[in-house]
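Structural overview
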Amino acid sequence: MKKLLMICSLFLLLIQSCNSNGETKLITAGVCTTSSQCAPLEVCEISSTLCIPNPCSNWETYNEPTAFCELNGGRCIDNTDCLVGEVCNFQNICITPANPCLNIICSGEGVCVDAGGFPTCNCNIGFQDNDNNTSCLPNCSTITCPTGTNCDDSGGESICLCANGGVYHSWGCSSTPIKISLGLYHTCTLFDNETVACWGDIFSESYPIITAKPEIPRFIDIVEGVADIVSGGYHSCVLTINNRVFCWGSNFLKQINNQSDSYFTTPQEIIFDETPISIGAGVAHTCVLTTLGNVYCWGNNGYGQLGNKTYTSNGTPQKVIFDKPDTPLISQLFVGGNHNHVILTDGTSWSWGYNGYGQLGLNRNWKNYGSCRNAGCASASENNPVKMSELITDDTKLITKFYLGGSYSCGEINGSVYCWGDNSYGQFGIGGTETEYLIPDTTALQLFDQYSAGKTHFCGILGGAPYCWGRNGEGILGINSTIDKNTPQLIESATNWSFIVAGFNHTCGIESGTIFCWGDNTKGESCNSEKVDQLIPNQCF
């Protein structure tokens, strides 16, 4: 016995003690290698080799090798501990509820159904249930694409792509593009088969990109053929072949209607008492000219751009009000960023909206509005039409056409183009960057066959060759640099360009039936998947 006690004393100096029968027992503060050496309410923490209080609950087991608590069979803390379709009840036991689809969400592309007591996703066309029956994933095997098209399910949805890269539509694949309209982060085109396709951030600044490939054109479902398309900052509208108007995109400033929806992903029809025959869009407002010679506008009215003698935004088309009831009818409508111009049947020109830089051609700017202290003052505006200054439109200098930018205007007078308003980026194209011309500068712009005024840059086509000038941030002039230019710059020597349009921060054109875009490409609006600025024309499709 004495020899046995001596051996136990030696062990005590190491890690453990013995009882009177020579069996080992736990030393609570000692070193351990297994939980069997610890007290009943303690476990051996492998990392520290110390006995610690058992951290696990009474329905969990301490897993010694991993040092984690594991649930005993069938036990749970919440629904995440249970199998798909099971729930954790008040006894902390996983059970199958009467409704197996409880808590099952099929990723918004399908609905959960009870398949013999087991949940499964009934997915929409183009999607297939994943292995754990909780979501619907795009899968080309579930759809049949028309002859001549190919299915692509890599962008978050299954779509049929035409040979030219456009998305197949019920009207068929696209034909030749004839016009392009530009928003802040989106681009739309009208084809000669009266269809419309758009790409980039099509619907709204707050609407999530619908695909991992926003640069892919997507056809817009319009109930009938389209005759014209226009785009604002975050919305677009079309005039159909039957003189109906449809709009989609952001509704934050009532660009679409007076509903509370922040945006619309499907075209909404705009109802009129008269028949629209032409359409134009500003940053957040839209106007139409009707067969009766009236103009109606709707959307943002912070600068009086609706022309109804108020500054209240309205999603219902508002008739533009002239001070004199016997004013001649309107024959032409032109819409700028936050201002508008019209030409009446008597040849006179009228304007309304923001005039902070003198873009209305009234021989005054923000300095002439008493309450204003800067060029961005909202009250430096006119909320109904005012006849343009006689210094501009005397009987020998009637304007026959306008080109309206963000805060500047240009007009054709006796066959030449003159500009007024903001010229801080050289967008007049006459050299220099003098600002705030209150009436047209006496120097005419170089003659072009076609003109397009963007927010802060201007473009034209001469003999089939494209030119741009003005601000060049994001490379919107297409000359492989970002340096502003105050005179027209040749983009490329090709002479078969048929269309060009200057937008907010990017530019597009049509060359031999192919669309090219350049400038800002933040959301794929210039057709490139890399989402970086395009300093030279980038082929779209």
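These numbers were taken from a predicted model, which means no experiment stands behind them. (Residues numbered from 1 in each chain as written. Predicted model: local features only at pLDDT ≥ 70, side-chain atom pairs only at ≥ 80, totals over all residues. Heavy atoms only, no water.)

1. Notes on the nonpolar core
Among soluble globular proteins, nonpolar side chains are generally buried collectively. Grouped together as the largest cluster of nonpolar side chains are 24 residues, with contacts concentrated most on F402, Y403, C410, Y451 and F458. Counting only elements with at least two residues in this core, the list comes to β31 (399-404), β32 (408-413), β33 (416-421), β34 (450-453) and β36 (465-470). In this view, F402 contacts F334, H341, V342, I343, S349, M388, C410, G411 and W420; residues no more than four positions away in its chain are not counted. Core analysis: the next-biggest nonpolar cluster, separate from the first, contains 15 residues, F191, F219, F499 and C527 among them. (Core = buried A, V, L, I, M, F, W, Y, C linked by side-chain atoms within 4.5 Å. Buried < 20%, exposed > 50% of the residue type's maximum accessible area, 1.4 Å probe, protein only. Helix = DSSP H or I, 4+ residues; strand = E, 2+ residues; numbered from the N terminus. Contact = heavy atoms within 4.5 Å.)

2. Thoughts on the state of the cysteines
The tally for this structure, following the rule as stated, stands at eleven disulfides. Note on cysteine connectivity: C32 is disulfide-linked to C44, with sulfurs 2.1 Å apart. Given an S-S torsion of about 95°, the disulfide between C32 and C44 has right-handed geometry. Linking C32 in the loop between β2 (24-25) and β3 (42-45) with C44 in strand β3, this pair joins segments that are twelve residues apart in sequence. There is a disulfide in this structure between C287 and C297, and the S-S distance comes to 2.1 Å. (Disulfide = S-S within 2.5 Å.)

3. Focus: the sheet that holds β36
Judged by pairing direction, the sheet is antiparallel, and its four strands sit side by side in the order β34-β35-β36-β37 without closing on themselves. Across the chains shown, the open sheet's two edge strands, defined by having one partner strand only, are β34 and β37 (485-490). Neighbouring strand axes in the sheet, compared pairwise and without regard to direction, differ in orientation by 15° on average. Taken together, the three bridges between β36 and β37 define a ladder with antiparallel strand orientation. Along β37, the bridge assignment pairs C468 with Q489. (Pairing = 2+ DSSP bridges. Axes fitted to C-alpha atoms, helices over the stretch in contact; angles between N-to-C directions.)

4. Some details on the pattern of salt bridges
If you walk through the whole model with that rule in mind, you get eight salt bridges. The partner of D228 in a salt bridge is K179, with the nearest N and O atoms 2.5 Å apart. Residue D228 is found in strand β19 (residues 226-231), and its partner K179 is found in strand β15 (residues 177-182); the two are separated by 49 residues along the sequence. As a salt-bridge pair, R471 and E474 come within 2.9 Å of each other at their nearest N and O atoms. For R471, a relative accessible area of 14% translates into the label buried. Residue classification places E474 among the partly exposed residues on the basis of a relative accessible area of 23%. Put simply, E224, R244 and E269 are held in one network by salt bridges that share partners. (Salt bridge = Lys/Arg side-chain N within 4 Å of Asp/Glu carboxyl O.)

5. Some words on the pairing of β33
The buried fraction of β33 amounts to six of the six residues, a majority that puts the element mostly inside the structure. Alternating residues of β33 divide into S416, Y418 and W420 and V417, C419 and G421, and every residue in both groups is buried. Bridge count between β32 and β33: six bridges; the pairing is antiparallel. The residue of β33 that forms the bridge with I413 is S416. Connecting the antiparallel pair β32 and β33 is a turn made up of two residues, with N414 showing a positive phi of about 55°.

6. Looking at the layout of surface pockets
If you add up the space inside the largest pocket, you get close to 1200 Å³. Taken together, 47 residues line the largest pocket, and the ones lying closest to its centre are A281, V335, L404, S452 and A453. Looking at the lining of the largest pocket residue by residue, the class counts come to 24 nonpolar, 18 polar and five charged. (1 Å grid on protein atoms, 1.4 Å probe; cavity = no way out; pocket = protein on both sides within 12 Å on 5 of 7 lines; lining within 4 Å. Points joined across faces, edges and corners; volume = space filled by probe spheres on them. Nonpolar A, V, L, I, M, F, W, Y, C, P; charged D, E, K, R; others polar.)

7. Overview of the environment of G513
Looking at the secondary structure, you find G513 in the loop between β39 (506-511) and β40 (514-519). With relative accessibility at 33%, the residue G513 sits in the partly exposed group.

8. With respect to the sheet that holds strand β29 (residues 349-354)
The four strands lie next to each other as β27-β28-β29-β30, forming an open sheet whose pairing is antiparallel. A single partner strand is all that each edge strand has here, and the edge strands are β27 (330-335) and β30 (381-387). Taking each pair of neighbouring strands and ignoring which way they run, the sheet shows an average axis angle of 10°. Relative to β29, strand β28 (residues 339-344) is paired through five bridges, and the arrangement is antiparallel.

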